[in-house]
Amino acid sequence: MQPDTELGSPARSTAGVVLDLVRSGRASTRADLRRLTGLSRTAVTARVSTLVTSGLLLAGEELASTGGRPPASLSVNAGAGVVLAVAVGRSRSQVGVFDLRGDELVTDSVDHASGTGPAELMPQIVRRAAEQLASQHAPLLTVGLGLPGTVDEVRGACVDSPVIPGWDGVELGPYFADLTDAPLVLANDADVLAQSELLARGAVLRDALVVKASTGLGLGIISDGRLVKGHVGAAGEIGHSRSTAAEGLACRCGKTGCLEAVAGGWALVGQAGNDEIQHVRDLVAAALAGDPTARGLLRESGRRLGELLAVVVNVLNPQAVVVGGDMAAAFDIVAGGIRESVYTHGTALATRDLQFLPAAHGDRAGLVGCAALALDAVLSPWAVDQRLALA
């Protein structure tokens, strides 16, 4: 039997790899694992037994008696632990606790004033997290936190974010010290959005461009089922790429000519010229209510965004362009503009089978993505193998 070429040789199919195959939905039985890894029946049984003993995997009769599943089924043990998800935006923060299958246990969402710094906001977030965790009995394994802008994953700090001034260089791990000694993992909001798509569609959506269209603009890139971050974590920084339509226009980053200056939510609010529209969410609500100016602004934003995305589509040939963020609530309008430009400027072959999809989790995508970020950190093959080696 030949192993799946993506996995490589059977010798590399560790217990962590076995759990990852089950978690991703690619395998639900021992027979699936043998087919995908090329491992013998005995080797698969040994790895499954190790994972069951560790509490990470449920198998056989445990599942048959608690969900009507066939007795040969395998599943991640959702109750073996929890992860904490924290999504911080310019004017809203979301906090939630998720089980190890990515199911939401308890969440909240709180608005805050634009410009609120970490010294004020982070203690509030930690208090909310403590209240949520008080009702949980499983151990907290990881904290996943998403922020606008480029982040330093090693330091656990934002390093470049004009959206939330005052956060650059501030290490966020110490804020959680009194709550937990679980590790903190940090990512920018576009990558977090892409993580939520991997959690929802990872088994079928292997190559995608995931657009964060909100106050700012960002791009998460999924290639061969994995998130592409780039050399310094700055992959997908489309909002501050130059656009001919923005020539001479000042951007909030301090430069001129950025795509955001004509297509970002903050710019659209200014273009609306309506005192009742103070946030891009207000603009979207007006568009959905039929306001022609609001609809036109969102459609044009999609067109400008699509001009740049067409280049990325030509280079990467994704299966889909996924649209998330606040503008995604008006998906048909925004995606219509994106689609128009991508088809105009994209090559026939790269766009032939291209899909345009709304984010799977809607306005919860950021929070779900932070949970997925945390789950990947604790359930990746490497992390699982390390945990088993120390047991």
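Structural data are supplied above this passage.
Residues numbered from 1 in each chain as written. Predicted model: local features only at pLDDT ≥ 70, side-chain atom pairs only at ≥ 80, totals over all residues. Heavy atoms only, no water.

### A closer look at the environment of G115
Right, on to step 1. Relative to the helices and strands, G115 is located in the loop between β5 (104-111) and α5 (118-133).
Right, on to step 2. For the pair G115 and P165, spaced 50 residues apart in sequence, the C-alpha separation works out to 6.3 Å. (Helix = DSSP H or I, 4+ residues; strand = E, 2+ residues; numbered from the N terminus.)

### Remarks on the sheet that holds β5
Right, on to step 1. Pairing in this open sheet of five strands is mixed, and the strands run β5-β4-β3-β6-β9 from one edge to the other. The two strands at the open ends of the sheet, each matched to only one other strand, are β5 and β9 (184-188). Direction aside, the axes of adjacent strands within the sheet are offset by 15 degrees on average.
Right, on to step 2. In this structure, strand β3 (residues 82-88) lies alongside strand β6 (residues 140-147), joined through six bridges in parallel fashion. Across the sheet, the residue bridging to V86 is L145, located in β6.
Right, on to step 3. Running at roughly 105 degrees to β9, helix α6 (residues 189-201) makes contact with β6 and β9 of the sheet. (Pairing = 2+ DSSP bridges. Axes fitted to C-alpha atoms, helices over the stretch in contact; angles between N-to-C directions. Contact = heavy atoms within 4.5 Å.)

### Let's talk about the nonpolar core
Right, on to step 1. One finds L298 and L309 to be the most contacted residues of the largest nonpolar core, which totals 43 residues.
Right, on to step 2. Listing elements by their share of this core, those giving two or more residues are β10 (208-213), β11 (217-223), α7 (260-263), α8 (265-272), α9 (280-288), α10 (292-316), β13 (320-324) and α11 (331-345).
Right, on to step 3. Broken down by element, this core gets its largest block of residues, eight residues, from α10.
Right, on to step 4. Residues within four places of L298 in sequence aside, it is in contact with L268, L283, V284, A287, M327, A330, I333 and V334.
Right, on to step 5. Within the second largest apolar cluster, 39 residues are counted, among which are A15, C370, L375 and V378. (Core = buried A, V, L, I, M, F, W, Y, C linked by side-chain atoms within 4.5 Å. Buried < 20%, exposed > 50% of the residue type's maximum accessible area, 1.4 Å probe, protein only.)

### Concerning the packing of aromatic side chains
Right, on to step 1. Within the structure shown, the criterion is met by one aromatic pair.
Right, on to step 2. Seen in terms of ring centroids, Y343 and F356 are 5.8 Å apart; in terms of plane orientation they differ by 75 degrees. Their pairing is edge-to-face. With Y343 in helix α11 and F356 in strand β14 (residues 355-358), this residue pair connects regions lying 13 residues apart in the sequence. (Phe/Tyr/Trp six-rings, centres within 6.5 Å; stacked < 30°, edge-to-face > 60°.)

### As for the packing of α6 against helix α13 (residues 365-379)
Right, on to step 1. Following both chains from N to C, one finds α6 and α13 inclined at 75 degrees, their axes separated by 7 Å at the closest point. The pairing of α6 with α13 is recorded here as roughly perpendicular in orientation. Taking contact as the criterion, the partners of V192, L193, Q195, S196 and L199 in α6 are, on α13, A365, G366, V368, G369, C370, A372, L373 and D376.
Right, on to step 2. When the residues that make up the contact of α6 with α13 are grouped by side-chain class, the tally is eight nonpolar, four polar and one charged. (Parallel < 35°, antiparallel > 145°, perpendicular 65-115°, else oblique. Nonpolar A, V, L, I, M, F, W, Y, C, P; charged D, E, K, R; others polar.)

Keep in mind these values describe shape, not function.
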